[in-house]
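Geometric and topological summary
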Amino acid sequence: MTGQIANPSIRLKAPTPTARPTEGAANRERDVKIDVEHLSFFYGAKRALEDISVKIHPNVVTAFIGPSGCGKSTFLRTLNRMNDIIPGARVEGTARIDGNDIYAPGVDVVGLRRRVGMVFQKSNPFPKSIFENVAYGLRINGMAGSKAELAGRVEESLRQAALWDEVKDRLQESALAMSGGQQQRLCIARALAVRPDILLMDEPASALDPIATQRIEELVYDLKKAYTIVIVTHNMQQAARVSDHTAFFWLGRLIEYDRTDKIFTAPAEKLTEDYVTGRFG
Amino acid sequence: MRSRDIGFRLSTGAFAFVLASIVVAIGFELSRQSMLSIQKFGFDFWRTSTWDPVAGQFGALPFIWGTLYSSILALLIATPVAIGIAVFISELCPRILRTPLVFLTELLAAIPSIVYGLWGIFVLVPAVRSLEIALPDSLRALPLFSGPPLGVGMLSAALILAVMVVPFTSTVAREVLRTVPLAQREAAYALGATQFEAIRAAIFYARTGIVGAVMLGFGRALGETMAVTMVIGNNPQVSASLFAPQYTMAAVIANEFTEAADELYLAALVEIGLVLFIITLVVNGLSRGLIWTMAGRKSGRAAA
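Parameters at a glance
Residues numbered from 1 in each chain as written. Chains lettered and ligands numbered in written order. Predicted model: local features only at pLDDT ≥ 70, side-chain atom pairs only at ≥ 80, totals over all residues. Heavy atoms only, no water. Helix = DSSP H or I, 4+ residues; strand = E, 2+ residues; numbered from the N terminus. Lys, Arg positive; Asp, Glu negative; His and termini not counted. Charge placed at Lys NZ, Arg CZ, Asp CG, Glu CD. Buried < 20%, exposed > 50% of the residue type's maximum accessible area, 1.4 Å probe, protein only. Contact = heavy atoms within 4.5 Å. Areas by Shrake-Rupley, 256 points an atom, 1.4 Å probe, with all protein chains shown as cover. pLDDT = per-residue confidence, 0-100. Pairing = 2+ DSSP bridges. Axes fitted to C-alpha atoms, helices over the stretch in contact; angles between N-to-C directions. Polar contact = N/O pair within 3.5 Å; in protein donor to acceptor, adjacent residues only side chain to side chain. Nonpolar A, V, L, I, M, F, W, Y, C, P; charged D, E, K, R; others polar. Bend = angle between axes of the 7 residues up to and from the residue. Domains from an automatic or database assignment. Buried area = accessible area lost by both parts, 1.4 Å probe. Salt bridge = Lys/Arg side-chain N within 4 Å of Asp/Glu carboxyl O. Parallel < 35°, antiparallel > 145°, perpendicular 65-115°, else oblique. Left-handed = near helix turned anticlockwise from the far one by under 90°.

**Digging into the overall build of chain B**
- Along the backbone of chain B there are 14 helices and 2 strands.
- Judged by the C-alpha coordinates and their principal axes, chain B covers about 70 × 70 × 35 Å.
- Counting 20 positive and 17 negative side-chain charges, chain B places the averaged centre of each group 15 Å from the other.

**Notes on the overall build of chain A**
- Each helix and strand counted, chain A has 11 helices and 10 strands in total.
- Buried residues in chain A amount to 56% of all 281 residues.
- For chain A, long-range pairs separated by at least 24 residues make up 68% of all intrachain contacts whose partners lie at least 6 apart in sequence.
- Total accessible area computed for chain A in this model is approximately 11,600 Å², and 50% of it derives from carbon and sulfur atoms.

**Observations concerning the confidence of the model for chain B**
Residue and element names in this part refer to chain B.
- A residue-level look at chain B finds 96% of positions with pLDDT of 70 or above and a mean pLDDT of 90.
- Per-residue pLDDT, averaged within each element of chain B, yields its smallest value for helix α7 (residues 137-140) (86) and its largest for helix α4 (residues 61-92) (95).
- Confidence drops under pLDDT 50 across residues 298-304; counting only partners more than four residues distant or on other chains, this segment forms 21 contacts.
- Two summary scores accompany this predicted model of the complex, namely pTM at 0.81 and ipTM at 0.85.

**Side note on the sheet that holds strand β3 (residues 61-65) of chain A**
All names here are of chain A.
- The sheet built from 6 strands is open, its strands ordered β6-β7-β8-β3-β9-β10 with mixed pairing. This sheet does not close on itself; its edge strands, each paired only once, are β6 (116-119) and β10 (253-259). Averaged over all adjacent pairs, the angle separating strand axes in this sheet is 15°, with direction ignored.
- Two elements, β3 and strand β9 (residues 245-250), share 4 bridges in a ladder whose sense is parallel. The partner of Phe64 across the bridge, within β9, is Ala247.

**A closer look at the interface of chain B and chain A**
- Taken together, the contact between chain B and chain A spans 21 residues of the former and 25 residues of the latter.
- At the junction of chain B and chain A, the tally comes to 5 residue pairs in polar contact (both at pLDDT 80 or more).
- Of all the secondary structure elements, the ones that give two or more residues to the side of chain B that touches chain A are α9 (182-190) and α10 (195-205) of chain B.
- The element contributing the most residues to the side of chain B that touches chain A is α9 of chain B, with 7 residues.
- Within the side of chain B that touches chain A, the residues separate by chemical class into 11 nonpolar, 4 polar and 6 charged.

**What to know about the sheet that holds strand β5 (residues 100-101) of chain A**
Residues and elements named next belong to chain A.
- Ordered in space as β2-β1-β4-β5, the 4 strands form an open sheet in which the pairing is antiparallel. At either end of the open sheet lies a strand with only one pairing partner, and these are β2 (46-56) and β5.
- Direction of pairing for strand β1 (residues 34-43) relative to β2: antiparallel, over a ladder of 7 bridges. Across the sheet, residue Ile34 finds its bridge partner in β2, namely Ile56.

**Here we look at helix α6 (residues 113-134) of chain B**
All names here are of chain B.
- A maximum bend of about 50° is found in α6 at Gly120.
- Among the residues of α6, Ser113, Tyr116, Gly117, Gly120, Leu124, Val125, Val128 and Glu132 are the ones counted as buried.
- Looking at the packing, one finds that the buried side of α6 touches α5 (95-110), α7, α8 (154-178) and α12 (226-231).

**Observations regarding the domain arrangement of chain B**
Residues and elements named next belong to chain B.
- Its domain assignment divides chain B into domain 1 (1-33) and domain 2 (60-303).
- Facing 6 residues of domain 1, the contacting portion of domain 2 comprises 5 residues.
- Between domain 1 and domain 2 the total buried area reaches about 480 Å² when both faces are included, carbon and sulfur atoms providing 84% of it.
- Sorting the residues of domain 1 by area buried against domain 2 places Val23, Leu30 and Gln33 first, and these three jointly supply 75% of that buried surface.
- There are 0 salt bridges connecting domain 1 and domain 2.
- Linking domain 1 with domain 2 are 0 residue pairs in polar contact (both at pLDDT 80 or more), by the criterion used here.
- Looking at the side of domain 1 that touches domain 2 residue by residue, the class counts come to 3 nonpolar, 3 polar and no charged.

**Overview of unusual backbone geometry**
Residue and element names in this part refer to chain A.
- Unusually for a residue other than glycine, Arg81 sits at a positive phi of about 55°.
- Mapped onto the secondary structure, Arg81 falls in the loop between α2 (72-78) and β4 (89-97).
- Judged by relative accessible area, Arg81 falls into the buried class, the value being 14%.
- One non-glycine residue, Leu251, lies in positive phi territory at about 50°.
- As for its placement among the helices and strands, Leu251 is situated in the loop between β9 and β10.

**Focus on the packing of helix α4 (residues 130-140) of chain A against helix α7 (residues 180-193) of chain A**
All names here are of chain A.
- The N-to-C vectors of α4 and α7 enclose an angle of 30°; their axes lie 7 Å apart at closest approach. Taken together, α4 and α7 sit at an angle that is classed as roughly parallel. The handedness of the crossing between α4 and α7 comes out as right-handed. Here Ile130, Asn133, Val134 and Leu138 of α4 come into contact with α7, specifically with Leu186, Ala189, Arg190 and Ala193.
- A class-by-class count of the residues in the contact of α4 with α7 yields 6 nonpolar, 1 polar and 1 charged.

Below you can see the structure in the form of C-alpha cells.
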C-alpha cells in the first residue's frame, strides 16, 4: 500500500512518509484533496478493498486502472459514500476530504455527495427534459434561486460540459432523445451544476464510440482546471491520455500509485508492468 | 421447420383472434338482448333516474352514478395507501419483513368478495355508523354528509372497495418500482438527494406503470359486485352524500336479474350490463391513452 506520488520505492507494508514531488506541478501536488488511510471495504463478510492508502491532489486528474473486479470502482464509490446504499456494506479506516473524515459519525452524507459529484458508467439521465435534468440537483439542494438564476446555472453547466451549443435550442426536449455521448455529457453537466469540487467518474466513456469518447476526454482535460477529477477506466490508453496520476488496483489492493508517465513507462512493481504491457487483465 | 413456424404463428394468432372476438361477441350479445329497452328509451336510459319495473319506466342514471362515484372515491382512498405500501415494501422495508408483507397483500387479493361483504356488514358498517353519528352537526349540514346515519351507504361501499383495490394496485406498483434501474436512484443520490428525494425520482421514472396500476384498481372497482351490494344500501338515487344509500350497476343486475319477469325489465337490466361494459372499455381505453401520451413524450418510454 502506498500513498504518495513520486515516491521512488513503493513499499507494500508501511505507509511511506510524505515525499516531495521533484518535477512539474509542484505546488498542486503538495496539496492533498483526498487523503485515504488504511481503508478497507466489506460487502457483508467479503472484503473487497484491503488497506488502501492514497493521497489525491487537487486540480489533477487521477486515474484508477486495473482488471475487472479489482476494486477500483468500489474504491471510487467509497469517496462519496455511494456504497452506503448497498445493504451490508461496511468501511474501515479513514477517508478525509479537505481534512474532514467523511466516515466520521454525524457527517452530512447528502452534503458530501453534493460536494463530490459522480458520473456513472452508463449514462443515467432522468426521464425529463434536458433543462430539468441539469436543474434537478439545484432544485433538491435549494440552489435553484430565481428563474433567471436557475436558467443561468443550467446554461453555465451545459457550457462547461461542452454541450450548450448542441442543445440550446431544444432544452425542453427529453434527455432520452439525445445520443449516448450527449447523454453522458448531460450527466456531467448535471453533476457540475451543483458546484462540486471533486468529480468522480466511473468509466464514463466505456459505453461510447471513439468520437464521443474523445469528446469526454477533452472535457476531462478542460475540467481539471476547476475540479479535482478521479476517473476509473479499464482503458489504459485513456488513462495515459487524460490523467496526471495513475493508481493501479489488483484484487482489492492498491499496487502502485505514481505519476502517469512513470506508471506506463517505468513502473516500480512487476504486477503493474505486466498489466500495463497487457500481459494480463 | 418452416411449416412448423407457420403452424405456430397461425395457432397463436387464432388464440389472439378468439380473445378479440369474445369481446366483440359480448358487446354484440348485450346489445341484442337489450334491444327492446334501447329502442324504447334511447339515450334517455343514460340520463333519467326513474327505475320503476311496475310502470315499465327504466332510467339507469342512479346506477351509473353509484358505480362511478363509489369507484372514484375508492380510487381516491386506495391510491395513496397502495403506493405507500408499494414504496415501503420495495424501498424502505427491512428485508426480514418483506416476504411476509408481500404475502399478506397478495392474500388480501385472494379473499372472496362475499367474505369482504360479510366483514363489511358486521364490522365496517357499524363502525361507519358510529362515525357518522359522531360527526358534528355543522358538518352534517353539508351536502356531502347529509341524510340519516345508517351506516350502509356510499361511504361503506367506497371503503370496502378501497380495501379490495389496494392489494391489486400496490402489487402492480411494487413490481413497477422494482423495474426502476438502480442507476436512477444512484443518479439522484449522487446529486445530494435524500432518501425521500431518491424515491421520488424512482416513482417519477415509473409513473406510467404506476398510473397503469391505479387504473387496474379502478377497473376492478367498477365491476365489483358482491361486497358493494351488501353494504351500499341498494337505493337508486343520485346523491352526493357519502351517507346516502345508493346503488351500482353491478349490484342492480345481481339483485334483480332473477326477478325480472317481463321482457322489457330484462332488457333494461341487460342494457345496464351493456352500459357497464362500455364504461369499463372507455375507462380502460382512456387509461391506455394516458399511458401512451405519457410514454409518447419520449421521456416516459423507458418506464413503459
